[in-house]
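Summary of structural features
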Amino acid sequence: MGNINTDTAFTEHTLDALQARAKATIHNIANQNVKGFKRFEVRFEDMLREAVDSGQKIGSVEPVVQRDTSGGEGQNNVVMLEELTLLGKTELMHDYMLRRAGGYFKTMNKAIFGR
Amino acid sequence: MTNPMSGIFRGFDIASTGLRAELQRSEIVASNLGNMHRTGNAEKLPYRRKVVVFEEALNQAKEAGVGKSDTGVGVAISRVAEDSTPFPVFYQPGHPDADEKGQVMSSNVDMFKELVDMNIIQRSFDANLKALKSYRGMLQNTLQQLGG
């Protein structure tokens, strides 16, 4: 406690990841009728888990955007319902992380200004 | 990228490319349905069905290191191709387009295929619209929570 940069680093990276995931999902939905398209995915949670297990700082974990190459050669691997569910999940999680960040800033405000 | 805010608004741009592409595809389907009864013969060919080919749009500036989350920028129409299926021929000597043997060529549009395509387009359009609304909700929440 005490350094705003390190305290908010984790929240910031999570919001980044969720923002990137939303964009990637929208891109996947837009490309659902493109022949041979392979969907984008954003890796973050599993890397967070690895960081926790290996004792690294969770604030240092950054999201990675990559192609999901599953499915046959030249075959589109976008499933519309899955993308829509993922987008809904991302939206909710984004809202939660925002509330978390908002609460943190509110607390800091209280500590500094007493209101 | 000249607009510094384009990173955050990119979600809207991506969804809108999807909407635009699906809308253009529906126009081609409508054109196929409108021309499906245009007959012809060997000299004056009947209407040939048109097919829209989509392609993925990728960020050209990505290599310049603008931002790793902005890899894909939506979908684009690469071209409008023609369906090479042969024209069905039927026999009707009195037809204005009939040749000396009484053969008339009809267009290679299959009405049911077009109607099914139209349904698929509608679903895709709705999905893109839903994505757009979700993204707007996310930005709205950001303003509410962190806007001070």
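Structural notes, computed from the coordinates.

Cut-offs applied
- Residues numbered from 1 in each chain as written.
- Chains lettered and ligands numbered in written order.
- Predicted model: local features only at pLDDT ≥ 70, side-chain atom pairs only at ≥ 80, totals over all residues.
- Contact = placed C-beta atoms within 7 Å.
- Helix = DSSP H or I, 4+ residues; strand = E, 2+ residues; numbered from the N terminus.
- Nonpolar A, V, L, I, M, F, W, Y, C, P; charged D, E, K, R; others polar.
- Axes fitted to C-alpha atoms, helices over the stretch in contact; angles between N-to-C directions.
- Parallel < 35°, antiparallel > 145°, perpendicular 65-115°, else oblique.
- Left-handed = near helix turned anticlockwise from the far one by under 90°.
- Expected span 1.5 Å × (residues − 1).
- Bend = angle between axes of the 7 residues up to and from the residue.
- Buried ≥ 20, exposed ≤ 12 C-beta atoms within 10 Å, placed from the backbone.
- Pairing = 2+ DSSP bridges.

1. Let's talk about the interface of chain A and chain B
With 27 residues of chain A at the contact, the number on the chain B side is 28 residues. When contributions to the side of chain A that touches chain B are tallied by element, the ones reaching two or more residues are helix H1 (4-30) and helix H3 (80-113) of chain A. It is H3 of chain A that contributes the most residues to the side of chain A that touches chain B, 11 residues altogether. Considering only residue class, the side of chain A that touches chain B consists of 15 nonpolar, eight polar and four charged.

2. Re the packing of H3 of chain A against helix H2 (residues 111-146) of chain B
In contact at an axis separation of 9 Å, H3 of chain A and H2 of chain B are set at 5 degrees when each is read in the N-to-C sense. Between H3 of chain A and H2 of chain B, the angle is such that the two are roughly parallel. Contacts between H3 of chain A and H2 of chain B involve Met80, Leu84, Leu87, Gly88, Glu91, His94, Asp95, Leu98, Arg99, Ala101 and Gly102 of chain A from the former and Ala127, Lys130, Ala131, Ser134, Gly137, Met138, Asn141, Thr142, Gln145 and Leu146 of chain B from the latter. For the contact of H3 of chain A with H2 of chain B, the residue count by class is nine nonpolar, eight polar and four charged.

3. Here we look at the environment of methionine 93 of chain A
Here methionine 93 of chain A shows up in helix H3. When the C-alpha positions of methionine 93 of chain A and leucine 15 of chain A are compared, they lie 8.8 Å apart, and in sequence the two are 78 residues distant.

4. Some thoughts on the packing of H1 of chain A against H2 of chain B
Between H1 of chain A and H2 of chain B, the least distance of the axes is 9 Å, while the angle of their chain directions is 165 degrees. Here H2 of chain B runs roughly antiparallel to H1 of chain A, going by the angle between their axes. As H1 of chain A runs across H2 of chain B, the sense of the crossing is left-handed. Of the residues in H2 of chain B, those in contact with Ala22, Ile26, Ile29 and Ala30 of chain A of H1 of chain A are Ala127, Asn128, Ala131, Tyr135 and Met138 of chain B. Of the residues that constitute the contact of H1 of chain A with H2 of chain B, the class distribution is eight nonpolar, one polar and no charged.

5. Comments concerning H1 of chain A
The terminal C-alpha atoms of H1 of chain A lie 38 Å apart, and with 27 residues this matches the ideal 39 Å at 1.5 Å per residue to within 8%. When the local axis directions of H1 of chain A are compared, the greatest deviation, roughly 35 degrees, occurs at phenylalanine 10 of chain A.

6. Observations concerning the pairing of strand S1 (residues 40-43) of chain A
A regular strand places its side chains so that they alternate between the two faces of the sheet. All names here are of chain A. Burial of the side chains of S1 is restricted to one face: Phe40 and Val42 are buried, whereas none of Glu41 and Arg43 on the reverse face is. Note: S1 against strand S2 (residues 64-67), four bridges, orientation antiparallel. Across the sheet, the residue bridging to valine 42 is valine 65, located in S2.

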